[in-house]
Amino acid sequence: MNSDLHGRASAAAKAPRIAIEGIEPQVEGGRFAAKAIAGQRCPVSARIFMDGHEQLGAEVTWRLAPDEVWRSQPLAWQGNDLWQAELLPPHEGRIQFVIQAWLDRYASFRHDLEKKYAAGQAIDLELSEGEQLLREARQAAQGEPAEQLDALLARLAAEQPRDGRVALLLAPATLALMQQVQPRLHRVRSPVLGLEVERPLAGFASWYELFPRSEGARPGVHGRFEDVRRRLPEIAAMGFDVLYFPPIHPIGRSHRKGPNNSLQAGPDDPGSPYAIGSGEGGHEAVHPQLGSLEDFRALVADARAHGLEVALDFAIQCSPDHPWLRQHPGWFSWRADGSIRHAENPPKKYEDIVNVDFYAADAVPSLWLALLEVVLGWVAQGVTLFRVDNPHTKPLPFWEWLIAEVRHLHPEVIFLAEAFTRPAMMARLGKLGFSQSYTYFTWRNTKQELQSYFEELGQPPWRDCYRPNFFVNTPDINPFFLQRSGRAGFLIRAVLAATGSGLWGMYSGFELCEAAAIPGREEYADSEKYQLRQRDYRAPGNIVGEITRLNRIRRENPALHSHLGFQAYNAWNDNILYFGKRTADLDNFVLVAVCLDPDNAQEADFELPLWEFGLPDAAAMGGEDLMNGHQWTWYGKRQRMRIEPWHLPFGIWRLHPQRR
């Protein structure tokens, strides 16, 4: 016989008999780590099968860096070749995990014996084979398992009645012992996959954005950090846990922008905080009119005392006055005439901003290291979250490197991507390490748009690499819907964000229903980016009470702690979005109905999801309105609702099956 053919046949005989497919979670075959949260169960599953009818064993083996010890956890067969387990990461870090599968010789024997015994067939030979399996295992066993096998064999020899010997061989304890000591035949291993484990705030948080300079005690007076400290109690009382500032660094004078982005600024105009850098310092410094670094640290400490963590904008751009232009001119792009290249997004021009060149000859690696020092410097000041400005316009390898370096030293740090761009790029940033991201939610308004988007975010690949933060507005975006919808519209967007995702945020002024816009554009008139904007946060018409209640409902209902688990239910009206969220044990089951029409009352027949509890269509179900505490009992699956947006454009109900 041809020797090559002989070799190929021998190689084929050594190939794996067992297939491991469809492992979840995984991102691009393990190139990136999937996302997980410390203290929360993370399902791991795979399709595992082989030829024939033999029984298999499977486990997931994992370790959480920097631990060196690998832990093993059995995978349970769920039917149809699906095997599953749940990991419970104890703290932040990077998990490596491997799925292993093998032919379980004793389980296969046990399976056949059980069926033949139940069918009344002759099993004398099977009993002898079972005893032989135990004796073979005993030859390789040591220590306590060996003693247990000796005892088991002795009992088996003493058991004269057939039924007693069968009971011993089928006993779960016998199976567990054999699975501990028998060889794992035809064992296969999956590639090593990863989970990036972050703290709970990475998946469940309410963000509040404000400009510290607008918090002055008197109209027209530039705010200071101490002014922000006075507002901390009311921000915390609204239920927010992240306080986010746009850049707080010195602002350049060259080409400073005036009100409404005008090219001429007066001597007292504060300029855009995104024009970072002046003679007073750059990204490592604070704007002198806000206070000192000591004042900032005091603000951070006071915020923590109120249950708030401070997030800072990380904007990699410079004013022409930034010290780096003098110290490191090779970090920037220069035009043919020797002038600096200003930032552009044609037709827009940003004369007050210049961008660094990440791949300039003098920039690698000195610029990269300097930017890492900036982030680590603010972490040292107490900053634990960074909202990153336009990360999709910076090199992807830079983000993967920087985030990994920061999280290696400070795994508690969270990065939010402000990336309104193409879906593939937004997902890629999540894969590279960004904990959260701004989203297309801002422009999803109809029932079909919202339902499809919420469902999409809960499915692979988005589910494993991307956490959506549903900001309802930003200083850059005043959505058309809010411009025309009045108070009801603001409440509609708030409830969609607060219940649709575990992460949501708002820019100050939203609670006052501010909507004045530049005509025809999604931009605020008299934008706070270019001028002070002091507010009376208790002005008539505010929705502070409703926002406070929404955040309390979120905290008290674990079903709302994630964007995952969204399930749309039938409500026969295209102006009413009706959906549910629940915990795995159904102990917390929340229904949300939102009238998407801010101007008119809407009615709909809807289905109460009794089937989710295994109840018949005519069963009773307890309900509770989480906005006002009212309780009642529903009878039957078919129900009817009416929502009047001028009162409250939504309902949030918790189901209580124990009260039916």
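Residues numbered from 1 in each chain as written. Predicted model: local features only at pLDDT ≥ 70, side-chain atom pairs only at ≥ 80, totals over all residues. Heavy atoms only, no water.

**Structural notes on the overall build of the protein**
Counting its secondary structure elements, the protein contains 16 helices and 28 strands. Reported as C-alpha extents along the three principal axes, the dimensions of the protein are approximately 100 × 70 × 50 Å. Within the protein, contacts between residues separated by at least 24 positions form 75% of all contacts whose residues are at least 6 apart in sequence. Counting only carbon and sulfur atoms, one obtains 50% of the accessible surface of the protein, whose full area is about 28,900 Å². Across the protein, 70 positive and 82 negative side-chain charges occur, with their mean positions spaced 1 Å apart. (Helix = DSSP H or I, 4+ residues; strand = E, 2+ residues; numbered from the N terminus. Contact = heavy atoms within 4.5 Å. Areas by Shrake-Rupley, 256 points an atom, 1.4 Å probe, with all protein chains shown as cover. Lys, Arg positive; Asp, Glu negative; His and termini not counted. Charge placed at Lys NZ, Arg CZ, Asp CG, Glu CD.)

**Quick notes on the state of the cysteines**
Scanning all chains against the criterion turns up 0 disulfides. Of the cysteine sulfurs around Cys-42, a residue in no disulfide, the closest is that of Cys-465, at 14 Å. Classification of Cys-42 by relative accessible area gives buried; the value is 8%. This cysteine, Cys-595, is not joined by any disulfide, and Cys-513 carries the nearest cysteine sulfur, 16 Å off. (Disulfide = S-S within 2.5 Å. Buried < 20%, exposed > 50% of the residue type's maximum accessible area, 1.4 Å probe, protein only.)

**Describing the sheet that holds strand 25 (residues 620–625)**
In space, the 6 strands of this open sheet follow the order 21-22-23-28-25-26, with antiparallel pairing throughout. Of all the strands in the sheet, just strand 21 (567–568) and strand 26 (631–635) have a single pairing partner and so form its edges. In this sheet, strand 28 (residues 650–656) lies alongside strand 25 in antiparallel orientation, the contact comprising 4 bridges. Bridged to Gly-622 within strand 28 is His-656. Against the sheet, helix 13 (residues 447–457) contacts strand 21 and strand 22 (576–582), and its axis sits at roughly 20° relative to strand 22. (Pairing = 2+ DSSP bridges. Axes fitted to C-alpha atoms, helices over the stretch in contact; angles between N-to-C directions.)

**Some remarks on the domain arrangement of the protein**
Along its sequence, the protein is carved into domain 1 (18–104 + 188–197), domain 2 (123–181), domain 3 (202–560) and domain 4 (566–657). Computed over C-alpha atoms, the centres of domain 1 and domain 4 are 37 Å apart. (Domains from an automatic or database assignment.)

**Let's talk about the UniProt feature "site: Transition state stabilizer" (unreviewed entry) in the protein**
As annotated in UniProt, the feature "site: Transition state stabilizer" (unreviewed entry) corresponds to Asp-476 in the numbering used here. Note that Asp-476 resides in the loop between strand 19 (469–471) and helix 15 (480–500). (UniProt positions renumbered as here; feature names shortened; annotations may be inferred.)

**Focus: the sheet that holds strand 12 (residues 242–245)**
Strand order in this open sheet of 8 strands is 18-17-16-13-12-11-20-19, and the pairing throughout is parallel. Both outer strands of the open sheet, strand 18 (436–437) and strand 19, are each paired with one neighbouring strand and no more. As paired strands, strand 13 (residues 309–314) and strand 16 (residues 385–389) are joined by 4 bridges and run parallel to one another. Paired with Asp-313 across the two strands is Arg-387, which belongs to strand 16. Docked against the sheet, helix 7 (residues 225–237) engages strand 11 (205–209) and strand 12, running at close to 140° with respect to strand 12.

**Digging into the UniProt feature "active site" (unreviewed entry) in the protein**
When the UniProt feature table is mapped onto this chain, "active site" (unreviewed entry) is found at Asp-389 and Glu-418. The greatest C-alpha distance among the residues just named is 5.4 Å, despite their covering 30 residues of sequence, which places them together in space. Following the sequence through the fold, Asp-389 ends up in strand 16. For Asp-389, a relative accessible area of 7% translates into the label buried. Of note is the side chain of Asp-389, whose polar atom sits 2.9 Å from the side chain of Arg-387. Take Glu-418: it is sitting in strand 17 (residues 414–418). By relative accessible area, Glu-418 is classed as buried at 7%. The contact partners of Glu-418, leaving out residues within four places of it in the chain, are Arg-387, Val-388, Asp-389, Asn-390, Pro-391, His-392, Tyr-438 and Asp-476. (Polar contact = N/O pair within 3.5 Å; in protein donor to acceptor, adjacent residues only side chain to side chain.)

**What to know about unusual backbone geometry**
Across the junction of Val-364 and Pro-365, the peptide omega takes the value 5°, indicating a cis bond. In this structure, Pro-461 follows Pro-460 across a cis peptide bond, with omega equal to 5°. By secondary structure assignment, the location of Pro-461 is in the loop between helix 13 and helix 14 (462–465). The backbone of Asn-390 shows a phi angle near 45°, a positive value even though the residue is not glycine. As for its position among the elements, Asn-390 is in the loop between strand 16 and helix 11 (396–409). Given a relative accessible area of 28%, Asn-390 falls into the partly exposed group.

**Considering helix 15**
The terminal C-alpha atoms of helix 15, which comprises 21 residues, lie only 20 Å apart, well short of the 30 Å expected from a rise of 1.5 Å per residue. For helix 15, the buried fraction is high: 16 of the 21 residues fall into the buried class. (Expected span 1.5 Å × (residues − 1).)

**What about the environment of Arg-326?**
Within the secondary structure, Arg-326 sits in helix 9 (residues 323–327). Separated by 233 residues in sequence, Arg-326 and Gly-93 place their C-alpha atoms 39 Å apart.

**Focus: helix 16 (residues 544–556)**
Across its 13 residues, helix 16 extends 18 Å between first and last C-alpha, which sits within 8% of the 18 Å expected from 1.5 Å per residue. For helix 16, the set of buried residues is Val-544, Glu-546, Ile-547, Leu-550, Asn-551, Ile-553 and Arg-554. Against the buried residues of helix 16 lie strand 11, helix 15, strand 20 (503–507) and strand 28.

**Let's talk about the side chain of Arg-256**
Turning to its location among the elements, Arg-256 is positioned in the loop between strand 12 and helix 8 (293–305). Although Arg-256 is buried, it makes no salt bridge; Asp-321 carries the closest opposite charge, 7.0 Å away. Side-chain polar atoms of Arg-256 contact the backbone oxygen of Ile-251, separated by 3.1 Å. When near neighbours in sequence (up to four residues on either side) are disregarded, Arg-256 contacts Ile-251, Leu-263, Ala-265, Asp-269, Pro-270 and Gly-271. (Salt bridge = Lys/Arg side-chain N within 4 Å of Asp/Glu carboxyl O.)

**Things to note about the pattern of salt bridges**
If you walk through the whole model with that rule in mind, you get 46 salt bridges. Across the pair Glu-131 and Arg-165 runs a salt bridge, and its minimum N-O distance is 3.4 Å. With Glu-131 in helix 3 (residues 124–140) and Arg-165 in helix 5 (residues 162–170), this residue pair connects regions lying 34 residues apart in the sequence. In this structure, the salt-bridge partner of Glu-198 is Arg-467, at a minimum N-O distance of 2.9 Å. Taken together, the residues span a long stretch of sequence, with Glu-198 in strand 10 (residues 193–198) and Arg-467 in the loop between helix 14 and strand 19 at a distance of 269 residues. For the residue pair Glu-198 and Arg-467, the accessibility class agrees, reading buried in each case. Within this structure, Glu-603, Asp-605, Arg-638, Arg-640, Arg-642 and Glu-644 form a network of salt bridges that share partners.

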